[in-house]
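# Examining the three-dimensional arrangement
This is what each chain is made of:
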Amino acid sequence: MTRHVRPADHGADTLPVALPLPAGVTDGERPAPQRRLAIAALLTTLALVVLDSAIANVALPTIAQALQVTPAASVLVITAYQTALVMALLPCAALGESYGFRRVYLGGVALFTVASALCAAAPSLPWLVAARALQGLGGAGIMALGMAMLRLIVPPQRLPTAIGWNALVVALTSAAGPSLGAAILSVAHWPWLFAVNLPLGIAVLAIARALPRHTGTGRRLDGLSVVLNAAAFALVVIGTEILPSEPLAAVALLGGAALAMTLLVRREAPKAAPLFPLDLLRAPAFRVSVIASVLCFAAQIAAFVALPFYLQHTLGKDTLTTGLYLTPWPLTVAFAGPLAGRLVGRIPGAWLCVIGGTLLAAGLFVAAILPLHDAAWPIALCAMMCGVGFGLFNVPNNHNMYLSAPHERSGAAGGMQGTARLSGQTAGAVIMTLLFSLVGVDLAPRIGLGIGAALALAAGIVSILRTPPGSRPPA
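The structure reproduced in this document is the subject of the present report.

What follows is about the side chain of T419. Mapping T419 onto the fold places it in helix α17 (residues 410-463). Residue T419 is classed as buried on the basis of its relative accessible area, which comes to 3%. Among the polar contacts listed, one links the side chain of T419 to the backbone oxygen of G415, at a separation of 2.8 Å. Here T419 is in contact with L89, L90 and F233, once residues within four sequence places are set aside.

Below you can see the structure in the form of structure tokens.
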């Protein structure tokens, strides 16, 4: 049996060729009810991971008061989750390729569900932080292998649409997260924020048979490489967290991260299927998509940090009004993501990324230079433009990234996609932290929006590099 795929070394924007399916990979020709049930399970777990992060942010003041800790200490609830997540993405991807996508994916779902119960039962901050770290490990299995599982379920021609569904779910759950968290806290204690995960996690495990089987390669993980990977990403997260307050210690930690990453790359370089996917990064189409993803997510997070400060501090808007002005961003992503999924194949994906990156850059640039006073409604229009641009960029960029990887490396592609996203988000947060430290809260938001615009435009321009030379515009 064959399937049309695009070879990694020629780029996903070139014409497809027929290649045999690797052993253990299904062809998407499954009964429609079973396929729909499997897709519903994957999207549900994705919503769980996104929603859990969003509602935890809202609950920090309540958790700090309930557990009698300082607000600064309560931030560990977020940091523990993010650190464990980024440390485990690539190892979970490698485990999935070795032992089978479904087995490791469901292990991630089970761990996330159990950890949610531990979070709900937490009597103290150390307990809650440890449980959140376990949640991050489970979330890594879900995020790293979710798209690899989806690639087994849907036919190749439907993959862009499926990625659009992912964008829709992420956008809607991101938009609903703060409101849902506030609604739960208005009628129940904070542990229920985590307890609501339990029925959904159990439901996904109950329909596990609907998910396609995948036979792993049986490769053994290199334990030292896993340790080096975890050390590199953990030191980056911790170093960037303390950079404003303890710059010398932060520089030392970031230097340690660079050393660990160098050792990891040297150790993994000779391997055919390395933990850190150097084999995929050697392919120009995959490498360009990863770079573009980092730039785009850095722009997004810089804007997400800058805009609330701009609206509340500079323009004097309250929290509710700020939320209303920013809500159009995720809502338009929810519209543009599925639209981009339908456009992939009709319009070259690289050009969709250029259009999306340009729209995102334009929205951020206009927001940065607008001479606003009392009337802040133009910010809502800028947020709409940014949401459309982000949706048009993200779907074809992720589609290219996955189709640039062979089926047997779908797990590594998913792990790298998640790593690129978190790396970009970390970079955007660091940019805004440094700006607040250097120029103050009056100027930092506008400068941050300008930098975000430059990063978004760069993401679009970089995407052109993966187009065939004959289709690029003349110099």
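Tallying each qualifying case throughout the model produces six salt bridges. A salt bridge links E97 to R409; its shortest N-O distance comes to 2.7 Å. In this pair, E97 is assigned in helix α3 (residues 76-99) and R409 in the loop between α16 (377-403) and α17, connecting sequence segments 312 residues apart. Residue class for E97 comes out buried when judged on its relative accessible area of 1%. Taken together, the shared-partner salt bridges in this structure form one network comprising E97, R219, D279 and R409.

Moving on, we get to the nonpolar core. The biggest cluster of nonpolar side chains holds 70 residues, and the ones touching the most others in it are Y105, L211 and F286. Broken down by element, this core gets its largest block of residues, eleven residues, from helix α5 (residues 125-153). Those residues within four positions of Y105 in sequence are excluded, and the remaining contacts are A41, L42, T45, G141, I142, L145, G146, M149 and L211. Core analysis: the second largest hydrophobic core is formed by 43 residues, L360, A376, A383 and C386 among them.

A few words on helix α14 (residues 328-343). Counted at 1.5 Å a residue, the expected span for α14 with its 16 residues is 22 Å, and the 22 Å between its end C-alpha atoms agrees. For α14, the full list of buried residues reads P328, W329, P330, T332, V333, A334, A336, G337, P338, A340 and G341. Just beyond α14, the residue with positive phi is G345, at close to 105°.

So, about a nonpolar patch on the surface. A cluster of nonpolar side chains, contributed by L111, V114, L118, W127, L134 and L137, occupies part of the molecular surface with about 450 Å² of accessible area. Looking at the nonpolar patch, the elements with two or more residues in it are α4 (101-120) and α5. A relative accessible area of 31% means that L134 is categorised as partly exposed.

Once that is clear, we can look at the packing of aromatic side chains. Under the counting rule described, the total for this entry stands at four aromatic pairs. Measuring from centroid to centroid gives 4.8 Å for F304 and W329, while their planes differ by 65°, and the two rings are edge-to-face. You can see F304 sitting in helix α12 (residues 284-314) and its partner W329 sitting in helix α14, a full 25 residues away along the chain. Taking the relative accessible area as the measure of exposure, F304 reaches 38% and is therefore partly exposed. Judged by its relative accessible area of 2%, W329 falls in the buried class. Here F309 and F436 contribute two aromatic rings whose centre-to-centre distance is 4.6 Å and whose plane-to-plane angle is 55°, an arrangement assigned as tilted.

At a closest axis distance of 9 Å, the pairing of α4 and helix α8 (residues 197-206) adopts a crossing angle of 155°. Here α8 runs roughly antiparallel to α4, going by the angle between their axes. The handedness of the crossing between α4 and α8 is left-handed. Of the residues in α8, those touching α4 at L106, V109, A110, F112, T113, S116 and A117 are N197, L198, G201, I202, V204 and L205. Looking at the contact of α4 with α8, its residues break down into nine nonpolar, four polar and no charged.

Within α8, burial applies to N197, G201 and V204. One side of α8 holds all its buried residues, which, seen down the axis, span an arc of 60°. Residues of α8 that are exposed and angled more than 90 degrees away from the buried face: P199, I202 and A206.

So, about unusual backbone geometry. Backbone geometry places Q68, a non-glycine residue, at a positive phi of 55°. Examined against the element boundaries, Q68 turns out to sit in the loop between α1 (32-66) and α2 (71-74).

The rules behind the values
Residues numbered from 1 in each chain as written. Predicted model: local features only at pLDDT ≥ 70, side-chain atom pairs only at ≥ 80, totals over all residues. Heavy atoms only, no water. Helix = DSSP H or I, 4+ residues; strand = E, 2+ residues; numbered from the N terminus. Buried < 20%, exposed > 50% of the residue type's maximum accessible area, 1.4 Å probe, protein only. Polar contact = N/O pair within 3.5 Å; in protein donor to acceptor, adjacent residues only side chain to side chain. Contact = heavy atoms within 4.5 Å. Salt bridge = Lys/Arg side-chain N within 4 Å of Asp/Glu carboxyl O. Core = buried A, V, L, I, M, F, W, Y, C linked by side-chain atoms within 4.5 Å. Expected span 1.5 Å × (residues − 1). Patch = residues over 30% accessible without salt bridge, like charges linked within 9 Å, V, L, I, M, F, W, Y side chains within 5 Å. Areas by Shrake-Rupley, 256 points an atom, 1.4 Å probe, with all protein chains shown as cover. Phe/Tyr/Trp six-rings, centres within 6.5 Å; stacked < 30°, edge-to-face > 60°. Axes fitted to C-alpha atoms, helices over the stretch in contact; angles between N-to-C directions. Parallel < 35°, antiparallel > 145°, perpendicular 65-115°, else oblique. Left-handed = near helix turned anticlockwise from the far one by under 90°. Nonpolar A, V, L, I, M, F, W, Y, C, P; charged D, E, K, R; others polar. Arc of directions from axis to C-beta.

Don't take any of this as a statement about function, it's just geometry.
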